[in-house]
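Secondary and tertiary structure notes
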Amino acid sequence: MTTLSPHDFADIDPPTRLLMGPGPINAHPRVLRAMSAGLLGQYDPEFTAYMNETMALYRHVFKTTNRWTFLIDGSARAAIEAALVSLIEPGDPVVVVNFGRFGLLLREIAERCGAAVTMVDAEWGTVVEADAVRDAVRRVRPRVVATVHGDTSTTMAQPIHEIGRICVEHDALLYVDATATLSGMEVPVDAWRADIVTAGLQKCLAGPPGTAPITISERAAERIFSRRHVERGIAQGPGSPAGATGRRIASNYFDLAMLMEYWSERRLNHHTEATTMLYGARECARLVLEEGLEARIARHALVGRAMVAGLQAMGLRLFGDRAHKMANVVGVMIPDGIDGERVRTRMRTGFEIEIGTAFGPLAGRIWRIGTMGYNCRGHAALITLGALEAVLRSEGAEVRPGEAVQAAMQLLEAPAAR
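Keep in mind that this is a model prediction, so the values were computed, not measured. (Residues numbered from 1 in each chain as written. Predicted model: local features only at pLDDT ≥ 70, side-chain atom pairs only at ≥ 80, totals over all residues. Heavy atoms only, no water.)

Another aspect to go through is the overall build of the chain. On a plain count of helices and strands, the chain comes out with 14 helices and 13 strands. Expected size for 418 residues packed as a compact globule is a radius of gyration near 22 Å; at 22 Å, the chain falls within 12% of this value. Counting only C-alpha atoms, the chain reaches 75 × 60 × 55 Å along its principal axes. Once local pairs closer than 6 in sequence are excluded, the contacts in the chain between residues at least 24 apart make up 71%. (Helix = DSSP H or I, 4+ residues; strand = E, 2+ residues; numbered from the N terminus. Rg over C-alpha atoms; globule rule 2.2 N^0.38 Å. Contact = heavy atoms within 4.5 Å.)

In structure tokens, the structure reads:
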């Protein structure tokens, strides 16, 4: 084996890129500073106080009174899997609302949990009609209805309020993946009557990927605790929580019953909490509340509209149903005769700006441009529009020169925007 020296590897010194894709985005400097704080033991009273503060902060971000509002250590997908594996037993009927890649992900995870999945599908670029969900729920009588709120693969946002009413009427639990929308669009958990909602830091919350906020209703908590089984190595005899009658949750790491005990006053050991990520998540929520949740949502709407105005003024076509477009990500049709990946490469190497590619049936057809979190600022949108115009013109695309930035500026500088 070849001998390696530390000098064979350079220091980590990544380029300073402006991440204007569908996520991750650039983390807020205050979040990065918070993450540089010293470590504490997981039962240190100072640290458990930070855990409690984080729970309180995210109740406001989620617009909920749910006691069980905390963090899952792992990316946004970790929280999705924790929610579904803890709710679903093998054979359970589940309805999945599908209008993009991440609806298909919900199906895959539910099927891995052994669910009997019924799909309610919409064409990519549209959303699912509430009546179609109602028909499926009446027919299937599911234990769980699972949906994405904003699917960045198609840049569409699914209306949730009516689905919440349908679930209440038919005694189904509602799971919502709000990874890409929490704090950038309205995510009123209690008003939706959602039972579990999960998110991620790396989108509108302006943090890095690696931890995932989750909130759980009392109705869902009752279901989860009915499956509680105490890990043998931490059982303490008669004083420990009673074993449940339900089937044991299939995952240990994503067992919400054990995680909820860890985040409760009992602090029943489950894993070593990701200290640094908790510091970052706590600071993300503090930033949201300092700005004001409604003001933050309005900022995402404004800068998103400015990006759309600039793209259209350039002469580019948008993808999907404008009535249900996410506020913070827009899909742009790649002009005929233009190599989409070459444009992305030139944006990155020439301007240090990253825009997103696409998946599945949209691969090679659209770019996805995000305006979220720390990057949801007027100047970031203007710089991105200017760079995209320059690259497209040099690639021979017929775009209207100079109009994109002006159109965006008019929206950003209008009196109502101030």
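Resuming the write-up.
Before going further, it helps to examine the nonpolar core. Counting residues in each nonpolar core, the largest one holds 93 residues, and the members touching the most others are Tyr-58, Phe-70, Ile-72, Ile-196, Ile-216 and Leu-256. Residues Val-330, Cys-376, Ala-387 and Ala-397 belong to the second largest nonpolar core, which totals 34 residues. (Core = buried A, V, L, I, M, F, W, Y, C linked by side-chain atoms within 4.5 Å. Buried < 20%, exposed > 50% of the residue type's maximum accessible area, 1.4 Å probe, protein only.)

Looking now at unusual backbone geometry. In this chain, Gly-23 is followed by Pro-24 through a cis amide linkage whose omega measures 5°. A positive phi angle, near 55°, is found at Lys-63, a position not held by glycine. Here Lys-63 lies in the loop between α2 (45-62) and β2 (68-73). The residue Ser-183 is not glycine, and still its phi comes out positive at about 80°. Tracing the chain through its elements places Ser-183 in the loop between β8 (173-177) and α7 (189-192).

This part takes up the packing of aromatic side chains. For the structure on display, the rule yields five aromatic pairs. Ring centres of Tyr-50 and Tyr-279 lie 6.0 Å apart, and the angle between their planes is 90°; on these two criteria the pair is classed as edge-to-face. In this pair, Tyr-50 sits in helix α2 while Tyr-279 sits in helix α10 (residues 275-291), placing the two residues 229 residues apart along the sequence. Under the relative-accessibility criterion, Tyr-50 is labelled partly exposed at 26%. Classification of Tyr-279 by relative accessible area gives buried; the value is 7%. Here the aromatic cluster, defined as three or more aromatic residues joined through ring pairs, consists of Phe-47, Tyr-50 and Tyr-279. Cation over ring: Arg-101 sits above Phe-359, and NZ or CZ is 4.3 Å from the ring centre. (Phe/Tyr/Trp six-rings, centres within 6.5 Å; stacked < 30°, edge-to-face > 60°. Lys NZ or Arg CZ within 6 Å of the ring centre and 35° of its normal.)

What follows is about the packing of helix α5 (residues 130-140) against helix α6 (residues 161-169). Packing of α5 against α6 brings their axes to within 10 Å, and their N-to-C directions diverge by 15°. By the angle between their directions, the pair α5 and α6 is classed as roughly parallel. Between α5 and α6 the crossing geometry is right-handed. Here Ala-130, Val-133, Arg-134 and Val-137 of α5 lie close against α6, whose contacting residues are Glu-162, Ile-163 and Ile-166. Its residues assigned to classes, the contact of α5 with α6 shows five nonpolar, no polar and two charged. (Axes fitted to C-alpha atoms, helices over the stretch in contact; angles between N-to-C directions. Parallel < 35°, antiparallel > 145°, perpendicular 65-115°, else oblique. Left-handed = near helix turned anticlockwise from the far one by under 90°. Nonpolar A, V, L, I, M, F, W, Y, C, P; charged D, E, K, R; others polar.)

Attention now goes to the sheet that holds strand β3 (residues 93-98). In space, the seven strands of this open sheet follow the order β2-β10-β9-β8-β5-β3-β4, with mixed pairing throughout. Looking at the sheet topology across the chains shown, the edges are occupied by β2 and β4 (116-121). Pairs of neighbouring strands in the sheet enclose a mean axial angle of 20°, with direction left out of account. Sheet topology note: the β8/strand β9 (residues 196-198) ladder contains three bridges and is parallel. Considered in β9, the bridge of Val-176 is made with Val-197. On top of the sheet, α2 reaches β2, β9 and β10 (211-216); it is set at about 105° to β2, its chief contact. (Pairing = 2+ DSSP bridges.)

This part covers the pattern of salt bridges. Within this structure, the stated rule accounts for 28 salt bridges. Arg-134 is the salt-bridge partner of Glu-162, the closest N and O atoms lying 2.4 Å from each other. In this pair, Glu-162 sits in helix α6 while Arg-134 sits in helix α5, placing the two residues 28 residues apart along the sequence. The class of Arg-134 is buried, set by a relative accessible area of 14%. Between Glu-283 and Arg-286 there is a salt bridge; the shortest N-O distance is 2.8 Å. Here Glu-283 pairs with Arg-286, and both are found in helix α10, just three residues apart, close to one helical turn. A relative accessible area of 7% means that Glu-283 is categorised as buried. Under the relative-accessibility criterion, Arg-286 is labelled partly exposed at 31%. The network of salt bridges with common partners includes Glu-89, Asp-92, Arg-143, Arg-223 and Arg-227. (Salt bridge = Lys/Arg side-chain N within 4 Å of Asp/Glu carboxyl O.)

Okay, the pairing of strand β5 (residues 144-148) next. Within β5, five of the five residues are buried, which leaves the element mostly enclosed by the surrounding structure. The alternating pattern of β5 places Val-144, Ala-146 and Val-148 and Val-145 and Thr-147 on opposite faces, both of which are buried. Bridge count between β3 and β5: four bridges; the pairing is parallel. The partner of Val-95 across the bridge, within β5, is Val-145. Examined bridge by bridge, β5 and β8 share five bridges and lie parallel to one another. Following the sheet pairing, Val-144 is matched in β8 by Leu-173.

Moving on: the environment of Arg-17. Relative to the elements of secondary structure, Arg-17 occurs in the segment before β1 (18-19). You can call Arg-17 partly exposed: its relative accessible area is 27%. In terms of polar contacts, Arg-17 uses its side chain to reach the side chain of Glu-352, at 2.8 Å. (Polar contact = N/O pair within 3.5 Å; in protein donor to acceptor, adjacent residues only side chain to side chain.)

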